[in-house]
Amino acid sequence: MDYKYFPHTDADLQAMMEKVGVDNLDGLYAQIPDSIRFKGDYQLPLEMSEMEVRQLFEKLGSQNQQLTCFAGYGVYDHYMPSVIPSLLQRSEFLTSYTPYQAEISQGTLHYIFEYQSMMAELTGMDISNASMYDGTTACAEAMMMAVAAGKKVNKVLVSEGLNPNTRKVLDTYALHQGIELVTIPLKDGITDLSLLTSHLSSLNDVAGVIVQQPNVYGIVEDFTGFADACHEHKALFIMDSIAADIAVLKTPGEWGADIAVGDGQSLGIPMLFGGPYVGYMCCTEKLIRKMPGRIVGMTRDNRDQRAFVLTLQAREQHIRRQKATSNICSNQSLMALFVTIYLSLMGKQGVKEAAQLSYAGAHYLCDQLLATGKFHLVYDKPFFNEFFVKYDGDVDALQQRFIEAGFLGGVKYANGILFAVTEKRTKEEIDNLVKIAAL
């Protein structure tokens, strides 16, 4: 019988064993000491029919408690059009790998090119790569990119408004790269320009400044003057943004950012228990040779037909890792394809409408929670689809009530709660959450 994923016949196995000079499969492990070899029976269940396997997993799945999500903190419950998985599972997409050979990888290169074009337009930047593992590592790569571009500088200033999960990844990367991270404290929930300027003036070897938009408290910050302050001291301005939000907010390009990074999960990718996601990175044209990851360009072949090629990719990128700008060489383009299909389906207006619905829902929830008298906004600042409140009571007990009622009621953070709303949340769901909170 032919097996789709186990193609070797008995004759194939025998031929291979003869080639390597063993009589049986056990001979392949002859060099492993007998004292450490397992000789018992594996605890494997009995074989099952397809129907029995489906029933087993349905039974296991029913033990999960499906909660209506009002949590964010970097991962958001946005709507995924049902056509996306169907397109992703087409064999030419699902089985493709790193497109080293342009002549046989035109489909893959084409959609990477489209992804880059869309992300560059979304962020207002000149160049996009495709792509990073997730938003946290994209930010870390931007940090190293700034140090590499600065030459003989090793300090990077990081706003306290950056998501702590991202900051932990920065700390790990910096530790082994000889980079010193200096925190810019928040003032009333936002990054203070005067504090930034003071740090830039007192430190002579700053390679870059990293801020987040919206910040960890969901606040939409005003970064007027930040780029000028950075550039005056020859530092790069790096913005980490939630991808879906900048469909309606001022783009990193409009703020004068040199590098724009973040997670593309909010562009329709399900939460998926934490991944896989896709980190985006865009930059100005002058930094293109410092950018890690993959860059696809368009050209014309000898028949004057449009063709796509890997652009500005040195051999070191793939065979001399210590000399490479990045070691992103696995199939990250699959999630870039996800984002490409999502943006194509939604269009500019659709992406904006989803963001506007998220904004409206978050402000409605915030108003209703404040009206109960049990919640208080910590910072009276403009926010987008996520906000931070203090609760006059036991936060843990409140969140347990939410769970019992079928809600994932925000994220406990810094003695308060971060609530997030997306376009998926209905007025009825919001009202029911508020009723539980008012008890």
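All values derive from a computational prediction rather than experimental measurement. Chains are numbered independently. Their residues run from 1 in the order of the written sequence. The model is predicted, so local features are restricted to residues of pLDDT at least 70 and side-chain atom pairs to those at 80 or more, both for listing and for counting; the totals for chains, interfaces and linings are taken over all residues. The side-chain values count all of the structure's non-hydrogen atoms but skip hydrogen atoms and water molecules.

Undergrad: In this structure, what is going on with the overall build of the protein chain? I would like to understand it.
TA: Strands are runs of DSSP state E lasting at least two residues, helices are runs of H or I lasting at least four, and both sets are numbered from the N terminus onward. In terms of regular secondary structure, the protein chain is built from 14 helices and 17 strands. With the C-alpha coordinates of the protein chain rotated into their principal frame, the extents come out at 75 × 55 × 55 Å. The 439 residues of the protein chain split such that 47% are buried. Contact definition: two residues touch when any of their heavy atoms are within 4.5 Å. In the protein chain, once contacts between residues fewer than 6 apart in sequence are set aside, the share between residues at least 24 apart is 70%. Surface accessibility in these figures is a Shrake-Rupley result with a 1.4 Å probe; residues are shielded only by whichever protein chains are displayed. Total accessible area on the protein chain is roughly 23,500 Å²; 53% of this is exposed by carbon and sulfur atoms. Only four residue types enter the tally: Lys and Arg on the positive side, Asp and Glu on the negative side; His and the chain ends are excluded. Every charge is mapped to an atom, namely NZ of Lys, CZ of Arg, CG of Asp or CD of Glu. Charged side chains of the protein chain number 37 positive and 51 negative; the gap between the two group centres comes to 5 Å. Here the term buried applies to any residue with accessible area under 20% of the maximum for its type, exposed to any over 50%, and partly exposed to those in between, with areas from a 1.4 Å probe on protein chains only.

Undergrad: Sorry, what's going on with the confidence of the model for the protein chain here?
TA: Keep in mind that low pLDDT regions are not for reading the predicted coordinates in detail. For the protein chain, mean pLDDT is 90; residues scoring 70 or higher make up 93% of the total. pLDDT is defined as a per-residue confidence score from the predictor, taking values between 0 and 100. When pLDDT is averaged over each element of the protein chain, strand S8 (residues 236–241) comes out on top at 98 and helix H11 (residues 316–319) at the bottom at 52.

Undergrad: It is not clear to me how empty space enclosed by the protein should be interpreted in this structure. Could you clarify?
TA: One way to see where empty space is left: roll a probe the size of a water molecule over the atoms. The pocket and cavity definitions rest on a 1 Å grid over protein atoms only: a 1.4 Å probe that fits but cannot leave marks a cavity, an open set with protein on both sides within 12 Å along at least five of seven lines marks a pocket, and residues lining either have an atom within 4 Å of a point. Grid points are joined across faces, edges and corners, and a volume is the space filled by probe spheres set on the points. In the structure shown here, the tally under the stated rule is two cavities of 30 Å³ or more. Quantified by volume, the largest cavity comes out at close to 70 Å³. Every residue lining the largest cavity is counted, 13 residues in all, and those nearest its centre are His78, Ala244, Val351, Ala354 and Ala355. As for the second largest cavity, its lining consists of Tyr217, Ile219, Leu377, Tyr379, Lys381, Phe383, Phe387 and Phe388. Looking at the lining of the second largest cavity residue by residue, the classes come out as seven nonpolar, no polar and one charged. Any residue that is not Ala, Val, Leu, Ile, Met, Phe, Trp, Tyr, Cys, Pro, Asp, Glu, Lys or Arg is counted as polar, Gly included; the first ten are nonpolar and the last four charged.

Undergrad: Can you help me understand the nonpolar core in this one?
TA: In summary, soluble globular proteins display a tendency toward joint burial of nonpolar side chains. Grouped together as the largest cluster of nonpolar side chains are 36 residues, with contacts concentrated most on Tyr115, Met119, Leu267 and Val339. For this core, the secondary-structure elements that each account for two or more residues are helix H3 (83–88), helix H5 (106–123), strand S10 (279–283) and helix H12 (333–371). The element best represented in this core is H12, accounting for 10 residues. Once residues lying within four places of it in the same chain are set aside, the contact partners of Leu267 are Met119, Leu122, Ala243, Ala244, Phe338, Val339, Tyr342 and Leu343. Here, the term nonpolar core denotes a set of buried Ala, Val, Leu, Ile, Met, Phe, Trp, Tyr and Cys residues that are joined through side-chain atoms within 4.5 Å. Core analysis: the second largest hydrophobic core is formed by 31 residues, Met143, Val261, Met281 and Cys283 among them.

Undergrad: Whenever I open this one, the packing of aromatic side chains confuses me. Can you help?
TA: Geometry of an aromatic ring pair is reported as the spacing of the ring centres plus the angle between the planes. Only Phe, Tyr and Trp rings take part, Trp by its six-membered ring, and two of them pair if their centres are within 6.5 Å. Stacked means planes under 30 degrees apart, edge-to-face means over 60, and tilted covers everything else. Under the criterion given, the structure shown has 19 aromatic pairs. Judged by centre distance (6.0 Å) and plane angle (55°), the rings of Phe70 and Phe407 are tilted. Of this pair, Phe70 sits in the loop between strand S1 (68–69) and H3 while Phe407 sits in strand S15 (residues 407–408), and the two are 337 residues apart along the sequence. Each member of the pair, Phe70 as well as Phe407, is classed as buried. Measuring from ring centre to ring centre gives 6.3 Å for Phe375 and Phe419, while their planes differ by 70°; the resulting arrangement is edge-to-face. A residue pair is termed long-range when its members are at least 10 positions apart, and Phe375 in strand S13 (residues 375–377) and Phe419 in strand S17 (residues 416–420) qualify at 44 residues. The residues Phe375 and Phe419 share a single accessibility class, namely buried. Connected via pairs of aromatic rings, a cluster forms that spans Phe375, Phe383, Phe387, Tyr391, Phe402 and Phe419. The lysine or arginine in question, Arg425, covers the ring of Phe70, its NZ or CZ lying 5.9 Å from the ring centre. Here, a charge over a ring means that NZ of Lys or CZ of Arg falls within 6 Å of the ring centre while also lying within 35 degrees of the ring normal.

Undergrad: Help me understand the layout of surface pockets in this model?
TA: Taken as a whole, the largest pocket spans an internal volume of roughly 570 Å³. Around the largest pocket, the lining comprises 18 residues; the ones closest to its centre are Leu67, Cys69, Met271, Phe273 and Leu408. When the residues that make up the lining of the largest pocket are grouped by side-chain class, the tally is 10 nonpolar, six polar and two charged.

Undergrad: Honestly, the packing of H5 against H12 in this entry has me stumped. Any pointers?
TA: Angle between the axes and distance between the axes are the two parameters that describe a pair of packed helices. Each axis is a line fitted through C-alpha atoms, and for a helix only the stretch in contact is used; angles between axes span 0 to 180 degrees, taken between their N-to-C directions. Between H5 and H12, whose axes approach to 9 Å, the crossing angle comes to 60°. Of the possible angle classes, the one that applies to H5 and H12 is oblique. The handedness of the crossing between H5 and H12 is left-handed. Mapping the contact onto sequence places Thr108, Tyr111, Ile112, Glu114, Tyr115, Met118, Met119 and Glu121 in H5 and Ser333, Leu334, Ala336, Leu337, Val339, Thr340, Leu343, Ser344 and Lys348 in H12. Roughly parallel here means an angle under 35 degrees, roughly antiparallel means over 145, roughly perpendicular means 65 to 115, and every remaining angle is called oblique. Crossing handedness is read from the near helix: turned anticlockwise from the far helix by less than a right angle, it gives a left-handed crossing, and turned clockwise, a right-handed one.

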